[in-house]
Structures are given as structure tokens and as C-alpha cells.
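Observations on the model geometry
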Amino acid sequence: GSEFPVEISLGPLETDDGVVVSAAIRDITDRNRVERDAAHLAAVVESSRDAIIGKNLDGIVTSWNRGAEVLYGYTEVEMLGNSTSVLVPPGHDDDLPDVLRRVRQGERIGEYETVRVRKDGSHVEVSLTVSPIRSRDGTVIGVSTIGRDNTDRLHYQGQLRFLAEHDEPLCIRNRR
């Protein structure tokens, strides 16, 4: 006696007695749940302040959320189809090939800190978590990177370290 969502397909069939209608009725409860869950997850990713970037196994950007736009200054249109190597500052080693190799093997690289360069050329300290994206059968098919701006945290850590190592009011180094 309960209701559930269905999809109905109708089709005419020619018979000796004339045209009859064939009907197929499918319960789409599971499909609706999957679509609702996917929409919810997409909304979470899009509203996150963290940079959430999807890449294929060659390091080419396949998804770029609003948090990535804010952190790095590039729009989704500018980054889709391009390598995230553009975010590596000149003079720094590009760690992308090594990271891709490790993730291809199924490794999750949690919370490593590095420097990236924004579109405007300014540098930003970031903490990255890199994880494999797997297909339904478990095969690694891509890479997910979540990046967070660490600039303020590192600044405050430096201030705390200075205060711990120096005496007030002259700000000279203490014996600790």
C-alpha cells in the first residue's frame, strides 16, 4: 500500500487484432536516491572554501570548484583541460609527477605543505591532501586534491614562536 516513484515506457505493438500498447514500469527509487546524493555532494564541493580539484592520471584538471578559484585566482574555464603544474612557482620543483605516481598505486597523501603561485604571481602557503579517485571496480582513475590556505596559520605560528623565545618588553631572546 505504499507509494514509490516509477518510470513508465509505452510502445505500440501491431498484432493481428490491431494495435495494442506495451507498458514497462520501473521502480526508480534507487536512481532518485543516487541522483539526490550526487546533487548534495556537488553542492558541498561547490560551497567549500577549500580548493577541491579533480585531475586525471596525467594531472590534467577535470574539475575545479569555487574554492579553487578564490585560492588560486584561475576560473574553472581557465583550468579545465590544463595541468596544475601552472600553480608551481618558478624555481620550485614540480612535485606533480611524483604525487601522480604514488596515487596511481593507491596511496593517499595527507596534509603535505607546499607553496603555490596564484594567477597574479603571488605565492600562497597551502596544505594539500591528495587522494585517488576510484571507479566502481576499485581501479584508480583520477586524483582528488583538497587545498587549504595556510598563510594565516603559519603567520600566527611564527608570532607564537617569537613570543615564546623572546622576553617582553625589549623583545630580546630568552634563555629558553
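A brief look at the structure comes next. Sequence order sets the numbering: in each chain, residues are counted from 1 along the sequence as written. Reporting of local features is limited, given that this is a predicted model, to residues whose pLDDT is at least 70; pairs of side-chain atoms are given and counted only at 80 or more, and all residues count toward the totals for whole chains, interfaces and linings. As a rule here, side-chain values cover all heavy atoms of the structure and leave hydrogens and water aside.

Description of the overall build of the protein
Each helix is a run of DSSP H or I of at least 4 residues and each strand a run of E of at least 2, with the numbering of both proceeding from the N terminus. Within the protein one finds five helices and nine strands. What you see in the protein, going N to C, is helices and strands ordered as β-β-α-β-β-α-α-α-β-β-β-α-β-β. Here's how the labels work: a residue is buried when its accessible area is under 20% of the maximum for its type, exposed when over 50%, partly exposed in between, all with a 1.4 Å probe on protein chains only. The buried share among the 176 residues of the protein stands at 27%. The contact criterion used throughout is that any non-hydrogen atoms of two residues lie within 4.5 Å. Partitioning the intrachain contacts of the protein with sequence separation of at least 6 by distance along the chain shows that 35% fall at a separation of at least 24. When the accessible area of the protein is evaluated, it comes to approximately 12100 Å², of which 53% is carbon and sulfur surface. With residues, only the protein chains shown are counted as cover, and all accessible areas are computed by Shrake-Rupley using a 1.4 Å probe.

Focus: empty space enclosed by the protein
Both cavities and pockets are sets of points on a 1 Å grid over the protein atoms alone; in a cavity a 1.4 Å probe fits but cannot get out, in a pocket the set is open with protein on both sides within 12 Å along at least five of seven lines, and lining residues sit with an atom within 4 Å of a point. Grid points are joined across faces, edges and corners, and a volume is the space filled by probe spheres set on the points. Taken as a whole and assessed by the stated rule, the structure comprises one cavity of 30 Å³ or more. Lining the largest cavity are 20 residues; nearest its centre among them are Lys55, Thr84, Arg116, Leu128 and Thr145. Of all the secondary structure elements, the ones that give two or more residues to the lining of the largest cavity are strand S3 (51–55), helix H4 (96–104), strand S5 (109–117), strand S6 (123–134) and strand S7 (140–149). Only Asp, Glu, Lys and Arg are considered charged, only Ala, Val, Leu, Ile, Met, Phe, Trp, Tyr, Cys and Pro nonpolar, and every remaining residue, Gly among them, polar. For the lining of the largest cavity, a count of residues per class yields 13 nonpolar, three polar and four charged.

Some thoughts on the packing of aromatic side chains
Classification of ring pairs uses Phe, Tyr and Trp, with its six-membered ring standing for Trp, and accepts pairs whose centres are within 6.5 Å; under 30 degrees between planes counts as stacked, over 60 as edge-to-face, and the remaining range as tilted. For the coordinates displayed, the defined rule picks out one aromatic pair. Here the aromatic rings of Trp64 and Tyr72 are separated by 5.9 Å at their centres, their planes lie at 40°, and the arrangement is tilted. No difference in accessibility class separates Trp64 from Tyr72, as the two residues are buried.

Details of the pattern of salt bridges
We define a salt bridge as a side-chain nitrogen of Lys or Arg found within 4 Å of a carboxyl oxygen belonging to Asp or Glu. Overall, the coordinates contain 12 salt bridges when judged by the stated rule. In this structure, Arg31 and Glu7 form a salt bridge, with 2.8 Å as the shortest nitrogen-oxygen distance. Of this pair, Arg31 sits in helix H1 (residues 29–47) while Glu7 sits in strand S1 (residues 6–15); the two residues are 24 residues apart in sequence, bridging distant segments of the chain. Residue classification places Arg31 among the partly exposed residues on the basis of a relative accessible area of 39%.

A word on the layout of surface pockets
Over the atoms rolls a probe the size of a water molecule, and in doing so it shows where empty space is left. Volume-wise, the largest pocket comes out at about 180 Å³. Residue lining of the largest pocket: Arg49, Asp50, Gly67, Val70, Leu71, Gly147, Arg148 and Asp149, and that is the complete set. Of all the secondary structure elements, the ones that give two or more residues to the lining of the largest pocket are helix H2 (66–72) and S7. When the residues that make up the lining of the largest pocket are grouped by side-chain class, the tally is two nonpolar, two polar and four charged.

By themselves these figures say nothing about function.
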